[in-house]
Every structure is written in C-alpha cells, then in structure tokens.
Amino acid sequence: MKITFPHMGHIEFLLKDLFTRLDVDFIIPPPNSTETIKLGVRHAPELACYPLKVTLGNFIEGLEKGADTLIMAGGVGPCRFGYYAETQRRILKQLGYSFEMIRVEPPAAHPIQFIKSFKRVAPKKKIREIWKAIKVSFSKAQVMDFIEKKVLAIRPFEVNKGETTKTKKKAIKLLDQAFLESEIEKAKEEALNLLDSIPQDKEKPFLKIGLVGEFYLLLEPFVNFDLEELLGNMDIYLERGVYLTDWIGPSSKNPVMGVSNEEIAQAAFPYLSHFVGGEGRQTVGHTIIFAYQGFDGVIHLMPFTCMPELIAKSILPKISQDLDFPILTLVFDEQTGKAGLITRIEAFVELLISRRRKGLSPKRLIKIAYRGDSLELTGWKRR
Amino acid sequence: MTTVGIPRGLLYYKYYPLWSTFLENLGIQVVTSPSTNKKIFLRGLNTAESEVCLPVKVFYGHVLELKDQVDFLFIPRIVSVEGKAYTCPKFLGLPDMIKAVENTLPPILNPTFNAKKGIREYYLTFYNLGRKFTQNSIKIAQAFLKARKAQSTFNRNLLKGELLSDILEGGKAPNQDNWSGLRVGLAGHPYNIFDSYVSLNLIKKLKEKEVKIVTGESVPHRRIEKETKHLPKKLFWTYEKEVVGSILYWLKEKVVDGIVYLLSFACGPDSLIQVLIEDESKKFGMPLMPLTIDEHSGEAGLVTRLEAFLDMLARRKRRK
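Residues numbered from 1 in each chain as written. Chains lettered and ligands numbered in written order. Predicted model: local features only at pLDDT ≥ 70, side-chain atom pairs only at ≥ 80, totals over all residues. Heavy atoms only, no water.

Draft legend 1. Quick look at the pattern of salt bridges. Residues and elements named next belong to chain B. Counted by the stated rule, this structure contains 36 salt bridges over all chains. A salt bridge links Glu-242 to Lys-14; the nearest nitrogen and oxygen atoms lie 2.9 Å apart. Here Glu-242 is found in helix 11 (residues 238–253), whereas its partner Lys-14 is found in helix 1 (residues 12–25), with 228 residues between them in sequence. Since its relative accessible area comes to 23%, Glu-242 is described here as partly exposed. Two residues, Glu-227 and Arg-223, come together in a salt bridge whose shortest N-O distance is 2.7 Å. One end of the pair, Glu-227, and the other, Arg-223, are both in helix 10 (residues 221–229), 4 residues apart, so they sit about a helical turn from each other. (Salt bridge = Lys/Arg side-chain N within 4 Å of Asp/Glu carboxyl O. Helix = DSSP H or I, 4+ residues; strand = E, 2+ residues; numbered from the N terminus. Buried < 20%, exposed > 50% of the residue type's maximum accessible area, 1.4 Å probe, protein only.)

Laid out in structure tokens, this is it:
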C-alpha cells in the first residue's frame, strides 16, 4: 500500500510524521504548481470550489507517481468540503485510476469511523498505538503553528530583509528532526528562541491587518500567492484567523489563535446569529474582533462560489460601514493572477496608511472589554 | 390588519401552504410578491453579491418588491428539516444576508426551524412566532394544526403527480394517466424549475412538446430514503438528497425516458451532486441533459438543446 494525500499548508508535515510513526508507505505528491491546477480544473466540475480542483490535481499527480491509496477528510456539512472525498473518488474512478479512498470523518461526529479509517491505514497497529501516534504528530504540528504565528509577528520588524523566512526554514528543520515527545518539547523551545533572536526594529512604523476567510486559502501559500510573506515584507503585522491544528483539533478554545469559537460566535451575533458551515461565522466574528483589537483593516480570502464565505461576504460590507472599518475581500479561482492581486493589495494598504495619517480608527458601537490575552465581549445589543 | 409578506422565492415553493395557513389563521393578511418578472429579476441582480447563486438573487428581488407593502417580512432560517441532514448554507444565513443589504426593510420575522432539536422545538418555533401577534395560545395551536393539514394535503397532491406550479398558481393539469408518449423526468430544485421566468418557461415548453413531465416531488419520501441509503457517503443536504434520490428512483424503475437536470449558476451543492448524478445515469444508460441557467441564459439556446434532446429520446423509444 502506497498512500498519498493532498497539500494544504503544512499538513504534509503532520501526515509525513504520522505515517512514519505508523510504518506506512507514503508518497508526497509533487508540490502545488500550475500543472496541478490545470489537471484539477480539467477534470473537476466547472462550478465546484477551488480547493476541490487543486486537491484533485494533487491526487492525480500522486496516483501518477504510483500511489494506490488516497486519504482525504470527510465532514458532516453543510459546507461542500464534507463531500469532496466522494466526488473526487467518482471523478478519479471515471478517469480509470484504480485506488482505494480512505475518508477520515471528523472524530467528534463519527468517533468509530475515525478510528476505523486509521485502522485501514495501518492494519498492523493496535488502536492504542494509532491513537498515541496521532496525538504526538498533532502536538508536533501544533508547534509548527506556533512557529508560523511567531513569524507573522516578527517579519514586519526584521532589520535584514528576508531573515525571518530564512530562520523559519531553520526552525522547521529543527522541529522536523524531533521524534520523541521530549524532543518535540525541546525543539519547540529552541525553534521559538531562534525566531526571537532575529534582530528587530520595534520603532518601525507598521500596519496591523487581520487575515480571515476560508481555511484552505489561508493555509496554502501556493494558492494565495504567498500573501503572508508579501504583506509581511510591506511592514505589515499580521494575525491569521485559521491555524491548522486549531481547525482539526477537538478543542473549541483554539490554543494557537487565542480566540475561542464561543467568543467569535458572540462577536458575530449581531450580524450573523447562526452558524452557516465552513468558516462563515468565524469570518464575520473575527473581523469584528479585529476591529475592536485596534487593527487597521481586514483582508478576507475566499474561493469562488464558496457558500459559507459568500454569506460572510454579503454581510461584511455592512460591518465595514457600521464600524467604519476597511475590509478587502479577495476571491480566488484558477483565473486569479498575481499582478492584479498585488495592485489591489497595494491600493488597500495605501488606504490604511492614509487613514492612519488622519487618525481614523474603527467605531466602537458596543462596549467591549479586552483584558490581556483573553477577550470578553459584553453588552451586545441584539438586533 | 397586520400584513406579512412572503417573498415568492426559494422555499416558498416547498412550504407556502404551511406558512400562509398558519399566519392567516392568526388573523394576518399574507401578501405574496408577484411571479418573477424582469423588474424583480433585475433588482435582485443589482442588489445581491455578484457570485451568489441565481435563486438567491431572485429572492433579493422579491424582498425588495415586497418591502414597502407590508408590516413584516417572513424570512425563516431553515437549518434542518430532518435529523441527520442540513439544508443549503444559504438557507442558514438568509435572514442575515437580507438584513445586511438593505437599511429600509420592515422588521423581519425569522423563526429558526431546526429539526435536529425535535418536534417539541418545532412547535415552539411556531408558538413563539404566533405570540408576536396574539396572546391566545389555543388560537396558535389551532392555526398550527390547520397549517400542518394544509401542508400535508399539498404534499399528497404532489405525490399524485400534480405539478407544483399547477397547485400553487391554480392551473389545470391535463389528464395524462394512460400516457404513451414521452415521459421526461425534470430534476432540480423546485425554486428553479417552477419559477417560469428563471427556468425560461421550461415547463410550458415541455408541455407544448406533448411530453409528460415527472418531477421529484412525486417520488415518495420512503423511496428517496431507500435509494440514497446505499450511497458510499450519505448526502448531508436534504434537498439535494431529494434530487439524487428521485433520479436514482427513476433510473431503477425506468419510469421516464430521459432526464433533464436543471442547475442554476453557482449553486454549491449542485456542483458536486452533478458528478454523482452523471456517474449513476451513465451506469444505467439513461439519457441525461444537465441544463445550467444563469442571468444571461437565452431562450433560443434552450429551445434548440431541448428539441435535440427530445428528438433523441423519441428515436430511442421508437427503436425499442
């Protein structure tokens, strides 16, 4: 059995580690490229969302390299993501590939199926061993998230351009070598210290932008044209609304991000009072939280025709108007070009700079208390 | 008298008898927007986000058409209509989307229907809605029962094979019991199929061609469950499950000669179940024509495709 999986941010890092622990033979599909996207777009339905097309491209490239088993996440809806695996299985079968598709259902909704799917991945291992391996790999991926978060906070202040990106690579290498739990703990400390040792100029003028939106676009640098590095090099401090381990993890506290799902839901309530699947409510809620935390603006990323994000996109202009808070929505699909994207971002950044100069800040319509790391929302008016 | 407006779009085509009977029995005058016309259509297109699916854009148009005529707008949030499935995310966020777009709207009644919470919660949703207009609990209970009855009569008539548009708009269905001509299964969402402006008069065109139309509404719920139970992955959208289930039923029972599958542009769930439907009908050797409609669709192109498809079906039938 040779297993392959789609790319999404550093999920490759997590799965590589997990499969090594489980003694499973795996193939990493070639990194995302224009060829991947071309393949995916050719065979996927026209109106399917962009992540389906790109991950389909990954699968085709993985199968061409000799894989015979595919692993993909499932879901319980109402976001389309839950049906990706089945749709892709049918498309690939129609193309004549022979393979087995292992669908990993979310552990909260289908605990037995979740374990069963990993039992299929590693039939020789005991369930206890599998569970342990998942836990350790998960904690390693969480360290990776902390590194990414730190990088976003350091890059705008770096003295020597490009040093943060270089140091990040070193930090990842450090973490990559760690295998035992104690080693991971040590690697975490070393990696974060390494990042802290980057010379920084804290006096530099900088802007603060929050990134919200659909998880695949936020996590996968190839499809968002490495937006984080692009903005970081423009001296912009970034905070992201989605981290891999927060998203796949069982806790609703979001330990990496630091803002819990409940707080987000509460913040979104006046504008979106019900969950709508995917990251729809998170996008709305987090935008409001960013506004209250004194950010200069928010950039919202979404794939073309994404249903939950489209609901958020319909609501964001109203929030922008009410709170006097700049929000830029960027819609991505296979037609998106980098040049057009950069022009739009530059214009947006210019707007934020001119607002800074005029001393404009978002309105605080409703009372909010912000204490240290935790955010408490009080006195929300029900509309 | 208090007036409540029900926009003629989206789930109006599924639950209008239920909603209108309930409200009318509370002594409320129910106002429904007129059938979609060019004005409504264009207003919707100009107001909604450009990538939103076509039926939601049309719904915006109906809301704008109604907003100055009524005291309240009735836009429920329908989260789930059966235990293990949701509706489309758009229905979950619909009231919020509408609120965000217009500042001059009358107050919106948006009861949340969530079947996952059980029958008690279902009644309480109606009860809380009714309490906004009357303090009389018995009156609310009676209105609720009458509404349920109206809805089940409506559903029964649909099962008999009457067309939804004929029931809601009061047309007369021709007697087609011993039909020997072509039978075409018309699959898709009722708010696309039965909105004659959106579907470019598809039903009328099929009737003119002397074709018996069979829609998903006439397939019993039991059969839909049975056919979709064995899918490798269960569908978690109820309305899409109905579309898939009725197509699988037609494929197995061979009650139709061909299937026209109407999709609207940018419909999320449809884009995925399209793969499933095309795959399954290929296995059964059933002719299937997916028709995607959007705001730029022209009637002439539709007619050409439809005629070619029907000719092909007639040829197939003769050969048999």
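Draft legend 2. Summary view of the domain arrangement of chain A. Residue and element names in this part refer to chain A. By domain assignment, chain A separates into domain 1 (2–125), domain 2 (138–201) and domain 3 (206–378). Distance between the C-alpha centres of domain 2 and domain 3: 24 Å. Both sides together, the interface formed by domain 2 and domain 3 hides about 1600 Å², and carbon and sulfur atoms give 62% of it. Our enumeration of links across domain 2 and domain 3 arrives at 2 salt bridges. Of the charged contacts, one joins Arg-240 and Glu-148 as a salt bridge, the two residues approaching to 2.6 Å between their closest N and O atoms. Scanning the region where domain 2 abuts domain 3 turns up 6 residue pairs in polar contact (both at pLDDT 80 or more). Looking at the side of domain 2 that touches domain 3 element by element, the count peaks at 9 residues for helix 6 (residues 127–154). Per-class residue counts for the side of domain 2 that touches domain 3 are 7 nonpolar, 2 polar and 6 charged. (Domains from an automatic or database assignment. Buried area = accessible area lost by both parts, 1.4 Å probe. Polar contact = N/O pair within 3.5 Å; in protein donor to acceptor, adjacent residues only side chain to side chain. Nonpolar A, V, L, I, M, F, W, Y, C, P; charged D, E, K, R; others polar.)

Draft legend 3. Expanded view of the sheet that holds strand 9 (residues 258–264) of chain B. Residue and element names in this part refer to chain B. Ordered by their spatial adjacency, 4 strands build an open sheet running 8-7-9-10, and the pairing between neighbours is parallel. The sheet terminates laterally at strand 8 (212–215) and strand 10 (288–293), the two strands that pair on one side only. Each strand of the sheet is rotated relative to its neighbour by a mean of 25 degrees, with strand direction disregarded. Helix 11 rests against strand 7 (183–187), strand 8 and strand 9 of the sheet, and its axis sits at about 160 degrees to strand 7. (Pairing = 2+ DSSP bridges. Axes fitted to C-alpha atoms, helices over the stretch in contact; angles between N-to-C directions. Contact = heavy atoms within 4.5 Å.)

Draft legend 4. Inspection of the pairing of strand 5 (residues 207–213) of chain A at higher detail. Residue and element names in this part refer to chain A. Of all the 7 residues making up strand 5, 6 are buried; the element is thus mostly covered by neighbouring parts of the structure. Sheet topology note: the strand 5/strand 6 (residues 236–240) ladder contains 5 bridges and is parallel. Across the sheet, residue Ile-209 finds its bridge partner in strand 6, namely Leu-238. As judged from the 5 bridges shared by strand 5 and strand 7 (residues 297–303), these two strands associate in the parallel manner. By the bridge assignment for strand 7, Gly-213 is matched with Leu-301.

Draft legend 5. Inspection of the interface of chain B and chain A at higher detail. Counting from both sides, the interface comprises 40 residues of chain B and, opposite them, 41 residues of chain A. Between chain B and chain A, the buried area comes to about 3500 Å², and carbon and sulfur atoms account for 65% of it. Three residues, Glu-51, Lys-233 and Leu-272 of chain B, lead the burial of chain B against chain A; their summed loss comes to 20% of the area buried on that side. Applying the counting rule to chain B against chain A returns 5 salt bridges. Here Glu-280 of chain B ties to Arg-90 of chain A by a salt bridge, and the two come within 2.9 Å at their closest N and O atoms. Our count for the chain B to chain A interface comes out at 13 residue pairs in polar contact (both at pLDDT 80 or more). Every element with two or more residues in the side of chain B that touches chain A is listed here: strand 4 (77–80), helix 4 (89–101) and helix 12 (268–284) of chain B. Counted by class, the side of chain B that touches chain A contains 20 nonpolar, 8 polar and 12 charged residues.

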